[in-house]
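Structural description and commentary
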Amino acid sequence: MNQIEFILDFPTSSSGRNLKRWHLAFTTIYCSRAFSHLIKHVVATNKGRASPITSPHSVLINVAEGPPPCFSNINQLTLSGLLKQKNLDALEEVGGVEGIASSLNTNLEHGIRGDHVDLSYRHKAFGTNTYRRPPAKSFFRFVWEALTDFTIVILLVCAALSLGFGMKEDGLKEGWYDGGSIFVAVFLVVAVSATSDFRQSRQFVKLSKVSSNIPVEVVRNGRRQQVSIFEIAVGDVICLKIGDQVPADGLFIDGHSLQLDESSMTGESDYVEVNLAQNPFLISGTKVADGFGRMLVTSVGMNTTWGEMMSTVNRDSHEETPLQARLNKLASAIGKVGLAVASLVLVVLLVRYFTGNTEDENGNKEFNGSKTKADDVINSVLGVIADAVTIVVVAIPEGLPLAVTLTLAYSMKRMMVDQAMVRKLSACETMGSATTICTDKTGTLTLNQMKVTKFWLGHECVDEKLATSIATNILELLHQGVGLNTTGTVYKSPLGSELEFSGSPTEKAILSWAFLELHMDVEELKQTFVVLHVEAFNSTKKRSGVLMRRKSDNMVSVHWKGAAEMILAMCSHYYDVSGNIKSLDDVERKKFDQIIQGMAASSLRCIAFAHKQISEERNEHEKSQQKMEDNCLTLLGIVGLKDPCRPGVKKAVEDCQYAGVNVKMITGDNVFTARAIATECGILRPDQGMESGAVVEGEEFRNYTPEERMDKIDRICVMARSSPFDKLLMVQCLKQKGHVVAVTGDGTNDAPALKEADIGLSMGIQGTEVAKESSDIVILDDNFGSVATVLKWGRCVYNSIQKFIQFQLTVNVAALVINFVAAVSAGEVPLTAVQLLWVNLIMDTLGALALATEKPTRELMEKPPVGRTSPLITNIMWRNLLAQAFYQIAVLLTLQFRGESIFGLSKNVNDTLIFNTFVLCQVFNEFNARKLEKKNVFEGIHRNKLFMGIIGITIVLQVLMVEFLKKFASTERLNWWQWGVCIGFAAMSWPIGFLVKCIPVPDRPFFSYLKWQNVKNM
């Protein structure tokens, strides 16, 4: 054995990782020799099988299959079985929680080591905390979906038949042009559409990964720290509090009043209490509804019930937003008109063809009865069908849903940069219509960086530098009330003297004050006292309490901590500065009320401490009732915590108010603190107070009659001492009054209000997982400035969609009218199938990309919010698009019927002139679409490089179509003069757009005069 110890202690100069490998290798070899007789016995009993042993002195060991030697006493099957069966007897057989912790090499107080080597062993033995997702749709799946579109299928059939007859008629060299051109154009449209959908799908996968990356509090090497949920390993000690999601399967170590909401796993709505005696089992995916505690992780990832369930769930990224639904309705209505026009064109062209009223390029009749070959008839009919189908393709505004998708995808990506993560697509566009924002105070309007700046003992304010002069008995009681009645912790690094505080900002501030100013020693407190019962803090009670017993004399006492006026109401006595107990009569109570109001008026959050000694008989009664003494307490003292306002929050509030959005503050602080902060942030004017009705308390608001609430709701700017129910009630009242309401929230109890609101905004730093899951958007930096930014982006989304609608409908109206008039009067359509598909491509995809990627501008915040029932196509848009469409129709029909004689052109050149002018008109009109109301359409254009790039690409591709793809696009080359004519006609759209914007339009929607309800709502 001395030799073994020598080897295990060698080599000391190696690195830690190499030393671990050396120990592992030696342990493996030593154990293998110790059990070699067992292996030989197994081999002897299986003579029929090939022996794995190659010589008497060698042993073959499969080290990879078993757990590493450090976890040889436990395996994943045992751990998973314990949790799934919830078998207390089986847990006792393996030594309970302590036995499992010992087998997993976990110290229940200090956690695992948590270094790279330790984590790698644990991940190798028990897996990582990730789960397999169903495979995402491939690019080719999106291509197939695009190809199966009904109109695309018809075009492909026409292209195939045209290709076959063309090659039969004119040979392979010349006959493939017509059909081949349609094929290329269709596949180009399909490729662009599929690429766009594929990129959107990938973006949603990334978003899903980000939203699933939850920070979790663990204890490693004695230090409480936050790690990603994906980094959790079996053996980790997890700290849980209200609102947390249980990140893995595990066992309860310790805690108080811990209750879980298991509805996501079992469907049962009742909360399940977790304790050591009856139910120490915690299932991943459940939520902490009340209390706090610590758990030992026993299963992660695919070995948990949650992991198995989530691996079969495929999140649908194709959520249809309300705006997309309205646009699909609009597209359907336009498509029906287009289908009617295309059907009429088809009938007219077929009638003209079969009655001999159409001529070929040489002036000969195309149809001469029985003299015409069947192939020629079929080819001509297919050409007519292709033209009609292409009109349908151009008429159906497929780009509208695409524009929404591009806009939402772009805005989501940019909002992520601006510290807002969108969880539900519809929130992007709904935020643009918000009329009221109900915001929290702490952490949203303020920095959430608490610091104790005042301490009142009795009626005197004690200077924090003189804290050591406080009477010894009061100092001891304050140590107990702070050190044992807290969910925070203190970590002191063994290498340095710096202290690290963890917990909520309020807990950290009070702990820091007690440690640094009152010289509190938590370890000594834990050795001196035993905690019997804890009542955890929540936003309804606004207090927390602890029942404790001193080990030396079994003296039992209760300590309470919470909102100053609430704790004061529970007290009948108080300590003065000398440490004497005095009676708290009405006069003294009024003095304390004034102290609290004075601190609150200085924007301080007031927290009071109180205690009471309890007799043994009383303690036994309370233990049976699960209730702690909460009256006739003695007030220890009151601290004032300063939480400064965030820089820039006043400017953000002013921006929202300037944009016509009301900002209301809802807080749990008292009315004086709330009023001071609201005035500092610009929510309240200095002259507004309780008398004006702008500031109310939650209880007062709750006690109003429904009629009073509806009457006063618009005047209320601040609601103090509110409960989550009060916040929900305010949201419901505002919605009944017709407001579009956005609400911020961070606590578990905020979930109902977040769900009820039109837009729920949860906080990314202080927000619980329950709040985040109930919200539509997560504000990653907890800053109200980011809420104002989300408002800008919401308006930008809505505005971008309106720009594209105006642009696309202009093309739809012009294309339909031109093709219909030309077909009825001349018996032919001036734009071929390939040309119309090209227009469809630049109109739908490139146009959407150019207009959907504008950044928010200041002018968006100068308009009032868009109401719930406001029409999508405003009178201003109708004015702009009809003016441009009529101009294009006039120019192109003039070229169609008089172009050859006016400019002395051949028919083919004139058709090319019409096609080129039509496309260039759309290019110039894209500039007009940038600004719906402003006359200067070039403002800020230099900042949108993507827009300019798309315009450049469109022009280059158009030049290629006209000058170099003659066979493909059925075009003729144009000279410089002819290009100048096309550009001149197209450029006229700018002055027309400028002049049209001088024409005033009524506010009342145009279609409301006609009583067209369906169109009016679009």
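These lines cover the structure that appears in this document, whether it is placed above or below. Note that the coordinates shown come from a computational prediction; the quantities given were computed from them, not determined experimentally.

Here is what the cut-offs are and how they apply
Numbers given for residues are sequential positions, taken from 1 along each chain in its written order. Reporting in this predicted model follows two pLDDT cut-offs: at least 70 for local features of residues, and 80 or more for side-chain atom pairs to be given and counted; totals over whole chains, interfaces and linings ignore these cut-offs and use all residues. Just so you know, side-chain values use all the structure's heavy atoms and leave hydrogens and water out. Numbering of helices and strands runs from the N terminus; a helix is a DSSP stretch of H or I covering at least four residues, while a strand is a stretch of E covering at least two. Only protein chains enter the area calculation, which uses a 1.4 Å probe; residues under 20% of their type maximum are buried, those over 50% are exposed, and those in between are partly exposed. Between two residues, a contact is recorded if the distance between any of their heavy atoms is within 4.5 Å. Surface accessibility in these figures is a Shrake-Rupley result with a 1.4 Å probe; residues are shielded only by whichever protein chains are displayed. Each salt bridge in this description consists of a side-chain nitrogen of Lys or Arg and a carboxyl oxygen of Asp or Glu lying within 4 Å of one another. Think of a 1 Å grid over the protein atoms and nothing else: a 1.4 Å probe that fits but is trapped marks a cavity, an open set flanked by protein within 12 Å on at least five of seven lines marks a pocket, and residues with an atom within 4 Å of a point count as lining. Grid points are joined across faces, edges and corners, and a volume is the space filled by probe spheres set on the points. The residue classification treats Ala, Val, Leu, Ile, Met, Phe, Trp, Tyr, Cys and Pro as nonpolar and Asp, Glu, Lys and Arg as charged. All others, Gly included, are polar. Centres within 6.5 Å make a pair out of two Phe, Tyr or Trp rings, where for Trp the six-membered ring is used; the pair is then stacked when the planes are under 30 degrees apart, edge-to-face when over 60, and tilted otherwise. Strands qualify as paired when DSSP identifies two bridges or more between them. Here, the term right-handed applies to a crossover whose path from the first strand over the helix to the second runs clockwise when the strands point away from the viewer. Residues grouped as a nonpolar core are buried Ala, Val, Leu, Ile, Met, Phe, Trp, Tyr and Cys residues, joined through side-chain atoms within 4.5 Å. Here an axis means a line fitted to C-alpha atoms, over the contact stretch when the element is a helix, while the angle between two N-to-C directions is reported on a 0 to 180 degree scale. Roughly parallel means an angle under 35 degrees; roughly antiparallel means over 145; roughly perpendicular covers 65 to 115; every other angle is labelled oblique. Each helix crossing is assigned a hand: it is left-handed if the near helix lies turned anticlockwise from the far helix by less than a right angle, otherwise right-handed if that turn is clockwise. Two joining distances apply to patches: 9 Å for like charges and 5 Å for nonpolar side chains (Val, Leu, Ile, Met, Phe, Trp, Tyr), and every residue must have over 30% relative accessible area and no salt bridge. Charge assignment in this entry is limited to Lys and Arg as positive and Asp and Glu as negative, and neither His nor the chain termini are counted. The atom standing in for a charge is NZ when the residue is Lys, CZ when it is Arg, CG when it is Asp and CD when it is Glu. Within 3.5 Å is the distance limit for a polar contact, defined as a pair of N or O atoms, with the added protein rule that one can donate a hydrogen and the other accept it, and that residues adjacent in sequence qualify only through two side-chain atoms. Given a helix with a known number of residues, its expected span is that number minus one, times 1.5 Å. Taken from the helix axis, the directions to the C-beta atoms give the arc we talk about.

When helices and strands are tallied, the chain shows 38 helices and 26 strands. Across the 1018 residues of the chain, 52% fall into the buried class. Excluding contacts between residues fewer than 6 apart, the proportion of contacts in the chain whose partners are at least 24 apart in sequence is 72%. Entry remark: accessible area of the chain is about 46500 Å², with carbon and sulfur atoms responsible for 57%.

Before going further, it helps to spend a moment on the pattern of salt bridges. Enumeration according to the criterion identifies 36 salt bridges in this entry. The network of salt bridges with shared partners includes Glu 859, Lys 931, Lys 934 and Glu 939.

What follows is about empty space enclosed by the protein. Tallied over the full model, the rule gives one cavity of 30 Å³ or more. Here the largest cavity defines a volume of roughly 60 Å³. In terms of lining residues, the largest cavity is bounded by Gln 806, Asn 880, Ala 883, Gln 884, Asn 925, Asn 928, Ile 992, Gly 993, Val 996 and Lys 997. Of all the secondary structure elements, the ones that give two or more residues to the lining of the largest cavity are helix 32 (875–903), helix 33 (907–929) and helix 37 (989–996). Here the lining of the largest cavity is built from residues that sort into three nonpolar, six polar and one charged.

The tally for this structure, following the rule as stated, stands at 15 aromatic pairs. Plain terms: the ring middles of Phe 139 and Phe 198 are 5.7 Å apart, the flat faces sit at 85° to each other, and that makes the pair edge-to-face. One end of the pair, Phe 139, is in helix 8 (residues 139–147); the other, Phe 198, is in helix 10 (residues 177–212), with 59 residues separating them in the sequence. Relative to Phe 515, the ring of Phe 501 has its centre 5.9 Å away and its plane inclined at 70°; by these criteria the two rings are edge-to-face.

Next up on the list: the pairing of strand 24 (residues 741–745). Burial within strand 24 is extensive, with five of its five residues counted as buried. Alternating residues of strand 24 divide into Val 741, Val 743 and Gly 745 and Ala 742 and Thr 744, and every residue in both groups is buried. Bridge analysis of strand 9 (residues 436–439) against strand 24 gives three bridges, and the strand direction is parallel. Along strand 24, the bridge assignment pairs Ile 437 with Ala 742. As a crossover connection, the stretch from strand 24 through helix 28 (residues 751–756) into strand 25 (residues 759–763) is right-handed.

Our focus in this paragraph is the nonpolar core. Residues Phe 915 and Phe 918 are the most contacted members of the largest nonpolar core, which totals 79 residues. Membership of the second largest hydrophobic core comes to 66 residues, among which are Cys 428, Phe 784, Trp 793 and Val 797.

To continue, consider the packing of helix 32 against helix 36 (residues 976–987). For the pair helix 32 and helix 36, interaxial distance at closest approach is 12 Å and the crossing angle is 155°. As far as their axial angle goes, helix 36 and helix 32 are roughly antiparallel. The way helix 32 lies across helix 36 gives a crossing that is right-handed. Contacts between helix 32 and helix 36 pair Tyr 887, Val 891, Leu 895 and Phe 903 from the former with Trp 977, Val 981 and Phe 985 from the latter. Looking at the contact of helix 32 with helix 36 residue by residue, the class counts come to seven nonpolar, no polar and no charged.

Here we come to the sheet that holds strand 9. With mixed pairing, the eight strands of this open sheet are ordered in space as 8-26-25-24-9-21-23-22. The sheet terminates laterally at strand 8 (420–422) and strand 22 (695–697), the two strands that pair on one side only. Here the strands of the sheet are splayed against their neighbours by 20° on average, with no regard to which way each runs. Bridge count between strand 8 and strand 26 (residues 777–779): three bridges; the pairing is antiparallel. In the sheet register, Ala 420 faces strand 26, and the bridge partner there is Ile 779.

So, about a negative patch on the surface. Together, Asp 89, Glu 92, Glu 93 and Glu 98 line one region of the surface with negative charge. Looking at the negative patch element by element, the count peaks at three residues for helix 5 (residues 88–93). Counting through the fold element by element, Asp 89 comes out in helix 5. By relative accessible area, which is 58% here, Asp 89 ends up exposed.

So, about a positive patch on the surface. A surface patch of like charges, here positive, comprises Arg 133, Arg 199, Arg 202, Lys 206, Lys 209 and Lys 413. Tracing the backbone through its elements, the reader meets Lys 209 in helix 10.

Let us look at helix 7 (residues 116–126). An α-helix turns once every 3.6 residues. As a result, residues three or four positions apart point the same way. Taken residue by residue, helix 7 has Val 117, Asp 118, Leu 119, Tyr 121, Arg 122, Ala 125 and Phe 126 as its buried positions. Capping the start of helix 7 is the job of one residue whose side-chain oxygen sits 3.3 Å from the backbone nitrogen of Val 117: Asp 115.

Moving on: the packing of helix 21 (residues 586–601) against helix 24 (residues 671–681). Put simply, helix 21 and helix 24 touch, their axes get as near as 7 Å, and they point 15° apart. With respect to their mutual orientation, helix 21 and helix 24 come out roughly parallel. Like other packed secondary-structure pairs, helix 21 and helix 24 cross with a definite hand, here right-handed. Of helix 24, the residues touching helix 21 (which contributes Gln 597, Ala 600 and Ala 601) are Phe 672, Thr 673 and Ala 676. Its residues placed into classes, the contact of helix 21 with helix 24 shows four nonpolar, two polar and no charged.

Moving on, we get to helix 21. Along its 16 residues, helix 21 runs 22 Å from first to last C-alpha, staying within 8% of the 22 Å computed at 1.5 Å per residue. All of the buried residues along helix 21 are Glu 588, Phe 592, Ile 595, Ile 596, Met 599 and Ala 600. For helix 21, the angular spread of buried residues about the axis comes to 130°, placing them on one side. With respect to the buried face of helix 21, the exposed residues turned more than 90 degrees away are Asp 586, Val 587, Lys 590 and Ala 601. Where helix 21 ends, the next residue or the one after it, Ser 603, has phi of about 65°, a positive value.

The residue Asp 249 is located in strand 4 (residues 249–261) in this model. It is Lys 84 that comes nearest to the buried, bridge-free Asp 249 among opposite-charge side chains, at 6.8 Å. Looking at Asp 249, its side chain comes within polar contact range of the main-chain nitrogen of Ser 284, at 2.9 Å. Other than its neighbours up to four places away in sequence, Asp 249 contacts Leu 83, Leu 282, Ile 283, Ser 284, Met 295, Leu 296, Val 297, Thr 298, Ser 299, Asn 303, Thr 304 and Thr 305.

What follows covers the environment of Gln 245. Residue position: Gln 245 is located in the loop between strand 3 (237–240) and strand 4. By relative accessible area, Gln 245 is classed as buried at 12%. The contacts of Gln 245, once residues within four sequence positions are left out, are Ile 214, Ile 229, Leu 240, Gly 285, Thr 286, Lys 287, Trp 306, Glu 769 and Glu 773.

Turning our eyes to something else, we now look at the environment of Ala 601. Structurally, Ala 601 can be placed in helix 21. The sequence separation of Ala 601 and Asn 670 amounts to 69 residues, and the corresponding C-alpha distance is 9.7 Å. Here Ala 601 is in contact with Phe 672 and Ala 676, once residues within four sequence places are set aside.

Let's shift gears to the environment of Leu 327. Within the element layout of this structure, Leu 327 appears in helix 13 (residues 322–354). On a C-alpha basis, the gap between Leu 327 and Ile 801 in space is 9.5 Å, while along the polypeptide they are 474 residues apart.

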